[in-house]
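What follows is each chain in one-letter form.
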Amino acid sequence: MNENRSSRKRVLVTGGAGFVGSHLIDRLLQEGNEVLCVDNLFTGSKKNIEHLHHNPLFEFIRHDITMPLYVEVDEIYNLACPASPVHYQHDPIQTTKTSVHGAINMLGLAKRLRCKIFQASTSEVYGDPSVHPQLESYWGNVNPIGPRSCYDEGKRCAETLFFDYNRQLGLSIKVARIFNTYGPRMHFADGRVISNFIVQALDGKPITLFGDGSQTRSFCYVDDLVEAMIRLMATPESVTGPINLGNPVEFTIADLAKKVIGLTGSKSEIVFLPLPQDDPRQRQPDIGLARSLLNWEPIVDLDRGLARTIEFFRT
């Protein structure tokens, strides 16, 4: 660990008690930084950060970023927002507020401190895409009034705010469009396909597959994502994004179900349910920009990542 105080950064991570946020904090602390974790614990969990409370470089504040926050930091990672349909549709008005008011508050803080700020945007800004795979230049196909739009449009508006703060005020921004990510510390009841399948398989319950299983997703292991986030934050000021971060290897949902059954040794059967409204049929990132600008691509394949995730859920 780097103990040189002059080179140590104080980093704010909003949503830091969440799945991705807690892994990012682990990495930032390993690199010798001070980390201020801010989370309202709506979907985040103290369990994800309890191993850090004796670390003198770690601090936790329970706070909702829809309210202003007054702290002193060198960098900001804005990850705060429910990210699974079950959670963001539970209180859709609050979801939009978190994306929009939260972005305004964090951008205001970054403006005051003149510091870099990272926005965890999402592949959902592409909606149900008519372009495949999805490039950053694609403007998307989003239903603005559907049950998912609180998240999709909230994140799209947040991107607008980030780029206007950059153009109008010269703020240093980094915007990442994050595709499906999985790994240890996923919430067991977040409604995401990998956690759903693993929990159902371990419990010996039927695996519920929405639609006919032909829809596709691309799954990125959380350690790979965190590496990309760190690299994006370290790029020159001219690199703003948006940049797709995800694994370009595409799987059908039916193939994923079979992999989970095989890796868990489960005897679960697959049952088919109607496809939810506005659920994307295809999801695959084009990561050409990430390869060229960050010299990054995922290295953990789905079998290895699933094995680690299944072991977490077993315990």
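Residues numbered from 1 in each chain as written. Predicted model: local features only at pLDDT ≥ 70, side-chain atom pairs only at ≥ 80, totals over all residues. Heavy atoms only, no water.

Caption draft 1: Local environment of the pattern of salt bridges. Enumeration according to the criterion identifies 17 salt bridges in this entry. A salt bridge links arginine 10 to glutamate 34; the nearest nitrogen and oxygen atoms lie 3.5 Å apart. Taken as a pair, arginine 10 in strand β1 (residues 10-14) and glutamate 34 in strand β2 (residues 34-39) lie far apart in primary sequence, 24 residues in all. By relative accessible area, arginine 10 is classed as partly exposed at 22%. On the accessibility criterion, glutamate 34 (24% relative accessible area) is partly exposed. Taken together, the shared-partner salt bridges connect Arg27, Glu31, Glu227 and Arg231 into one network. (Salt bridge = Lys/Arg side-chain N within 4 Å of Asp/Glu carboxyl O. Helix = DSSP H or I, 4+ residues; strand = E, 2+ residues; numbered from the N terminus. Buried < 20%, exposed > 50% of the residue type's maximum accessible area, 1.4 Å probe, protein only.)

Caption draft 2: Spatial organisation of the nonpolar core. By size, the foremost hydrophobic cluster in this structure holds 60 residues, and its most contacted members are Leu24, Tyr77, Phe118, Met229 and Leu245. Broken down by element, this core gets its largest block of residues, eight residues, from helix α6 (residues 222-233). When residues no more than four places from it in sequence are discounted, the contact partners of leucine 24 are Val13, Tyr77, Leu79, Val226, Met229 and Ile230. Formed by 26 residues, the second largest nonpolar core is a distinct cluster that contains Val38, Val100, Ala103 and Val175. (Core = buried A, V, L, I, M, F, W, Y, C linked by side-chain atoms within 4.5 Å. Contact = heavy atoms within 4.5 Å.)

Caption draft 3: Geometry of the side chain of glutamine 200. Of note, glutamine 200 is situated in helix α5 (residues 193-202). The exposure class assigned to glutamine 200 is buried, which follows from its relative accessible area of 15%. Residues in contact with glutamine 200, not counting those within four places in the same chain, are Lys205, Pro206, Ile207, Thr208 and Ser268.

Caption draft 4: Molecular detail of helix α7 (residues 253-264). Between the first and last C-alpha of α7 there are 17 Å, a value that for twelve residues agrees with the 16 Å anticipated at 1.5 Å per step. Those residues of α7 hidden inside the fold are in contact with α5, β8 (207-210), β9 (216-218), β12 (250-252), β13 (270-273) and α9 (302-314). Downstream of α7 by one or two residues, glycine 265 has phi in the positive range, about 70°. (Expected span 1.5 Å × (residues − 1).)

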